[in-house]
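This is what each chain is made of:
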Amino acid sequence: MCGLNSPTNIAIGIKYCLGSDGRYLLSYSRGELWISTRPESADKRVSVTIRHKKSLGCVCGSYYLKKFRFFERKYHIMQCVRRQPVRTKSQESVYRAQMKTVARSNLKLIGLEGDKDLQFLINGGDLLKVRSGSWKKTRYYKLQEDCKTMWHESKKTLKSKNTFSVDDIEAVRTGRQTEGLRKHTEETVEGRAFSILFKGRQKNLDLIASSEEEAKKWVNGLEKVISNMNNLTPQKKAEHWIYSCLRKADKNLDNKMSPKELKSFLQDINIEVDEDYVEMLFKKCDQSKCGSLEGKEIEHFYKILTQREEIDVIYKEYAKTDGLMSAADLLNFLLNEQREDASLNDALQLIERNELDENARAKQQMTKDGFLMYLHQPEGLIFNPAHKSIYQDMNQPLNHYFISSSHNTYLLEDQLKGPSSTEAYIKALLKGCRCVELDCWDGSDGEPVIYHGYTLTSKILFKDVIKAIKEYAFKTCEYPVILSLENHCSVEQQKTMAQLLISILGSALVTKPLGDQMPTRFPSPEELKGRFIVKGKRLNKLEDLFSDESKTADEDSVTEEEDDEGDEEVREKKSSKLKFAKELSDIVIYCKSVPFHGFEDSRDKQSFYEMASFKEGKAVKLAEESANDYIRHNTEKLSRIYPAGMRTDSSNYNPVPLWNAGCQIVALNFQTPCLEMNLNQGLFLQNGQTGYVLKPSYLRDQNTEFDPITLTEGPWLKRKSLHVMVISAQQLPKVNKRKTSIVDPIVQVQIYGVPADTTMVETQYIENNGFNPMWNENFQFDVCVPDLALVRFLIEDYDTSTNNEFIGQYTLPFNSLKNGYHHVPLLNMNGDLISSAGLFVHIMVVDAE
């Protein structure tokens, strides 16, 4: 049963292969289909045998080829482009034993050897996949032996990818917690249901197990493997990845590596080498001279492959104690290279935490492996670990902070026809967003809905959104969440909105000012911990609550002039006068929406809690032409910026000029992977990723003279020289999944801040090496206003004829940079960590002369 000819197409579009025994083979997901006669015509009757992998056994019969759609429906025949190798019983036994060994090795690496839940995942099982009320189908799922990839059965004829990586999973939720499960399943399956939620825009996977016990095993197993994989050290992640690629290259599963398999492996890990280099490398490791590598020889090859020459040079420079680093040697490195305020005790603690060699640790010495381990730990990364926790004063008024903010938060994709979902709110909140937007419209049965008005975007219930917000608002931090209401509802449904907000959010909803007297400024994030603030229209002044002659608004409705908020096309379709329910108005306390009629009008006629929303074009114009006035305005009031209506693709504008002007709520489309969201993530990476970053003092001073466009002398000028040496990168991912496609990496170092500081430089590109490219290139930047500067490291795949392709990036505040030798973690465009990949740099920030 060997020696198949290449696949041949026939009239009905089915491909087949000719076997050496004269029969013709087609394959499908659960078995094989053999045809005894050459299938030349769709009208010719042929004998058919279906050999099923599971319980169906063999099904024989005589059918016309044009009847194959019967088999397609019943047995889900799949397109065949080649036949899988046929193994004898003994070969199959050996193969299964090898797979068990591989799985056991990987389970041991991630600390789950012998875990029953993981063994259950590796064995796999049937799950009911739910897409809609009418689409519920059983599919087979299992964790592959690499303990990192989930395989699932698919009946799609042309589907090429039946796997997804554990790295792509954002969360696993038990029960009917997604919109799909709540809508398309009964409450009776609550204990058997669970969902896999993915990073980025990939759709949720809603599943139902055959029993509650099995559902728990699936959820527990997945959560364990996700947690343990995330907790692996960078070295262990790299080791796991490299050995997985080695096993993949071992095509005949003999635990040996031939020269051909060695070259295939190097292509898998993103290196293109010539035949001479492969031959040289192979001979160097093939100590047994048997023509293949195995056992210790493969380990030797691994050590050669993962040797970091740049680390060797640094280590040898400071390892002055019998070829090792003593605590004194390490302290010398920390003081001279890393410019840290360190003591001998700090050096001893680093040795204790990072040195794996027991003998060296007992002598209070650090080996090269321990040194590399230290450089991969948080204290060895480029981001200052002191800024990972809350280090800023959180007792300032709310308007003294930049606030991570989302625009049209309910949308998962574009602004015209994409889906609306509560999941979009959950994703934004878990990314640290502290201001979410709700576009509210009248729904059927008196139930307000949220969607992008006058478009084909789907609708979701207002109450479902509020429930989701309540559940996830404070998962990442306790600081307040602003609910920005864009209200298009009738008075009656506005009353329903108010009732839902009060009943669902309860005491967490701010419904009156803090304290017994009329406030004169915003409360602080610390005072508002765990609270929700509603931003919207208010019928009267907040001061009226504390006045004996308070005016009571009409119970039913009152009209009020609309502000600048909302898309232009929507504003054209609705009246310039809107009716508002008193019930909803009364819970707008600190964020009353008002129109903007100029800085002087705002200063003279508006209270601190009255805020305007600015379309991006208007805001950018103010930031460029009246920067200082805008900054002074924002020292007293909140400003919200939102994207122009023309951005129907959910693209984003540059937030940096608005931050430079002191604008607090710079709302972006969180669902769109882009440079602008990278900058947003970079700014809010600091201060414990709370979504609140304290503005510099000169953006909080009512009498400030600061102007980012025309810099003058002042406390904002803290001229620094930034010296960056781009040294090397490690394990960069492919941008094209073709095996022979190897990246040509090029690095850009970008500065975003005031116009005088904004710049970019780039290295040369390295040809055909994404595994361990080396640059050793130096750059210098002069930065005038470091408080407002962001540094972005970008790696692309260089292309001479087209635009470079994105590989990875990392953005952080200038003031969060650490001096010395550091690894830079790399994130994908969604802002998620790329496992094992990194950039190695040397940083030096000094006062400019």
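Numbers given for residues are sequential positions, taken from 1 along each chain in its written order. Note on the predicted model: pLDDT of at least 70 is required for a residue's local features to be given, and 80 or more for side-chain atom pairs to be given and counted; whole-chain, interface and lining totals, by contrast, use all residues. Derived side-chain values reflect all non-hydrogen atoms in the structure, with water molecules and hydrogen atoms excluded from consideration.

(A) The arrangement of the overall build of the chain in detail. When its secondary structure is counted, the chain shows 24 helices and 36 strands. In the chain, buried positions account for 54% of the 849 residues. Whether two residues are in contact is decided by their heavy atoms, any of which lying within 4.5 Å being enough. In the chain, once contacts between residues fewer than 6 apart in sequence are set aside, the share between residues at least 24 apart is 64%. For every accessible area listed, the method is Shrake-Rupley and the probe measures 1.4 Å; residues are considered covered only by the protein chains on display. For the chain, the exposed surface amounts to about 38,400 Å²; the carbon and sulfur share of it is 47%. Secondary structure elements are defined from DSSP: runs of H or I of at least 4 residues count as helices, runs of E of at least 2 residues count as strands, and each element is numbered from the N terminus. Three labels apply to residues, based on accessible area from a 1.4 Å probe with only protein chains included: buried if under 20% of the type maximum, exposed if over 50%, partly exposed otherwise in between.

(B) Geometry of the environment of Q750. With respect to the helices and strands, Q750 occurs in strand β30 (residues 745–752). Each C-alpha atom, one on Q750 and one on R792, is 5.0 Å from the other, the two residues being 42 residues apart in sequence. What Q750 contacts, discounting residues up to four positions off in sequence, is T759, M760, L790, V791, R792 and L794. Counted as a polar contact is a pair of N or O atoms within 3.5 Å, where, for protein atoms, one must be capable of donating a hydrogen and the other of accepting one, and residues adjacent in sequence contribute only when both atoms are in side chains. Side chain to side chain, Q750 and Y752 meet in a polar contact 3.1 Å long.

(C) Main features of the environment of I351. Mapped onto the fold, I351 is located in helix α12 (residues 344–354). In this structure I351 comes out as buried when scored by relative accessible area, which is 2%. Taking C-alpha positions, I351 is 6.7 Å from Q364, a pair spaced 13 residues apart along the chain. Excluding residues that lie within four positions of it along the chain, I351 makes contacts with S326, A327, L330, R361, Q364, Q365 and M366.

(D) Focus on the nonpolar core. Nonpolar core, defined: a set of buried Ala, Val, Leu, Ile, Met, Phe, Trp, Tyr and Cys residues in which side-chain atoms within 4.5 Å join the residues together. By size, the foremost hydrophobic cluster in this structure holds 73 residues, and its most contacted members are L438, F462, I469, L501 and Y630. Sequence-distant contacts of I469, defined by excluding residues within four places in its chain, comprise Y425, L429, V436, L438, L483 and F532. Formed by 33 residues, the second largest nonpolar core is a distinct cluster that contains F383, L685, I751 and V783.

(E) Fine view of the packing of aromatic side chains. Two aromatic rings from Phe, Tyr or Trp, using only the six-membered ring of Trp, form a pair when their centres are within 6.5 Å; if the ring planes differ by under 30 degrees the pair is stacked, by over 60 it is edge-to-face, and anything between is tilted. For the coordinates displayed, the defined rule picks out 28 aromatic pairs. Both rings, one in F614 and one in Y630, keep their centres 5.5 Å apart while their planes meet at 65°; by these two values the pair is edge-to-face. Taken together, the residues span a long stretch of sequence, with F614 in strand β25 (residues 610–615) and Y630 in helix α22 (residues 627–636) at a distance of 16 residues. Residue classification places Y630 among the buried positions, given a relative accessible area of 0%. Above the face of the W135 ring, R131 is positioned so that its terminal group lies 4.4 Å from the ring centre. Stacked on the ring of Y472, the Lys or Arg K475 has its end atom at 5.4 Å from the ring centre. Charges are assigned to positions over rings by a cutoff of 6 Å between ring centre and Lys NZ or Arg CZ, combined with an angular limit of 35 degrees from the ring normal.

(F) Representation of the sheet that holds strand β10 (residues 163–165) in the model. Two strands qualify as a pair provided that DSSP identifies no fewer than 2 bridges between them. An order of β10-β9-β8-β7-β13-β12-β11 is seen for the seven strands of this open sheet, with the pairing classed as antiparallel. The open sheet has two edge strands, β10 and β11 (169–174), and neither has a second partner. For this sheet the average axis-to-axis angle between neighbouring strands, irrespective of direction, equals 30°. Bridge count for strand β9 (residues 149–152) against β10 is three bridges, and the pairing is antiparallel. In the strand pairing of β10, T149 is matched with S165. The convention used is that axes are lines fitted to C-alpha atoms, helices contributing only their stretch in contact, and that angles between N-to-C directions extend from 0 to 180 degrees. Strand contacts of helix α5 (residues 212–230): β7 (125–130), β8 (136–143), β9, β11 and β12 (193–198), with the helix running at about 150° to β11, the strand carrying the most contacts.

(G) Quick look at the packing of helix α15 (residues 422–430) against helix α16 (residues 462–472). Between α15 and α16, whose axes approach to 9 Å, the crossing angle comes to 25°. Here α15 is positioned roughly parallel relative to α16, judged by the angle of their axes. The handedness of the crossing between α15 and α16 comes out as right-handed. Taking contact as the criterion, the partners of T422, Y425, I426, L429 and L430 in α15 are, on α16, D464, V465, A468, I469 and Y472. Working definition: roughly parallel below 35 degrees, roughly antiparallel above 145 degrees, roughly perpendicular at 65 to 115 degrees, and oblique for all remaining angles. Handedness of a helix crossing follows the sense of rotation of the near helix relative to the far helix, less than a right angle counterclockwise being left-handed and clockwise being right-handed.

(H) Structural detail: the pattern of salt bridges. Whenever a carboxyl oxygen of Asp or Glu lies within 4 Å of a side-chain nitrogen of Lys or Arg, that contact is scored as a salt bridge. Scanning the model with the defined rule gives 29 salt bridges in all. A salt bridge links K529 to E478, with the nearest nitrogen and oxygen atoms 3.9 Å apart. Pair noted here: K529 is in the loop between α17 (491–505) and β21 (532–536) and E478 is in the loop between α16 and β20 (481–487), with a separation of 51 residues, a long-range link.

(I) Focus on helix α3 (residues 116–123). The set of residues buried in α3 consists of D117, L118, F120, L121 and I122. One side-chain oxygen of the residue at the start of α3 lies 3.0 Å from the amide nitrogen of D117, identifying that residue as D115. Residue G124 follows α3 closely and has a positive phi angle near 80°.

(J) Structural context of the pairing of strand β32 (residues 774–783). Residues W775, E777, F779, F781 and V783 of β32 are buried on one face, while the alternating residues M774, N776, N778, Q780 and D782, pointing to the opposite face, are not. Of the pairings in the sheet, the one linking strand β29 (residues 720–730) to β32 comprises eight bridges and is antiparallel in character. From the neighbouring strand, S728 faces β32, where its bridge partner is M774.

(K) Main features of the side chain of Q494. Checked against the element boundaries, Q494 lands in helix α17. On the basis of relative accessible area, Q494 is assigned to the buried category, the value being 1%. With near-sequence residues (within four places) excluded, Q494 lies in contact with N487, C489, K579, F580, A581 and L584.

(L) Just the packing of helix α6 (residues 234–249) against helix α9 (residues 296–306), in detail. At their nearest, the axes of α6 and α9 sit 12 Å apart, and the two run at 125° to each other. Judged on the interaxial angle alone, α9 and α6 are oblique. For the pair α6 and α9, the crossing hand works out as right-handed. Mapping the contact onto sequence places E239, I242, Y243 and L246 in α6 and I298, E299, F301, Y302, L305 and T306 in α9. Of the residues in the contact of α6 with α9, the class split is seven nonpolar, one polar and two charged. Side-chain classes follow a simple rule in which Ala, Val, Leu, Ile, Met, Phe, Trp, Tyr, Cys and Pro form the nonpolar group, Asp, Glu, Lys and Arg form the charged group, and the remainder, Gly included, forms the polar group.

(M) Representation of the pairing of strand β34 (residues 805–813). Judged by how many residues are buried, β34 sits mostly within the fold: seven of nine residues are covered. Pairing between strand β33 (residues 790–797) and β34: eight bridges, direction antiparallel. From the neighbouring strand, R792 faces β34, where its bridge partner is T811.

(N) Summary view of unusual backbone geometry. Of note in this structure, C147 is not a glycine but carries a positive phi near 60°. Turning to its location among the elements, C147 is positioned in the loop between β8 and β9. Look at C147 and you get buried, because its relative accessible area is 0%. Positive phi, close to 50°, is recorded for Q731, a residue that is not glycine. Tracing the backbone shows Q731 in the loop between β29 and β30. By relative accessible area, Q731 is classed as buried at 12%.

(O) Representation of the environment of K199 within the structure. On the secondary structure map, K199 appears in the loop between β12 and β13 (205–208). Once the C-alpha coordinates of K199 and K427 are considered, the two residues, 228 residues apart in sequence, prove to be 8.8 Å apart. When residues no more than four places from it in sequence are discounted, the contact partners of K199 are D167, D168, I169, E170, K427 and D832. Polar contacts involving the side chain of K199 include one to the main-chain carbonyl oxygen of D167, which spans 2.8 Å.

(P) Structural context of α22. In terms of residue burial, α22 counts as a mostly covered element, since seven of its ten residues are buried. Turning to α22, its buried residues are A627, N628, Y630, I631, H633, N634 and T635. For α22, the secondary structure elements touched by its buried residues are α20 (599–605), β25, α21 (616–625), β26 (639–642) and α23 (656–660).

(Q) A look at the confidence of the model for the chain. With 85% of its residues at a pLDDT of 70 or more, the chain shows a mean pLDDT of 85. For the stretch residues 1–84, pLDDT sits under 50, and the model shows 172 contacts to residues farther than four places along the chain or on other chains. The predictor rates its confidence in each residue with pLDDT, a number between 0 and 100. Note that residues 571–575 has pLDDT below 50 and, in this model, ten contacts with residues that lie over four places away or in other chains.

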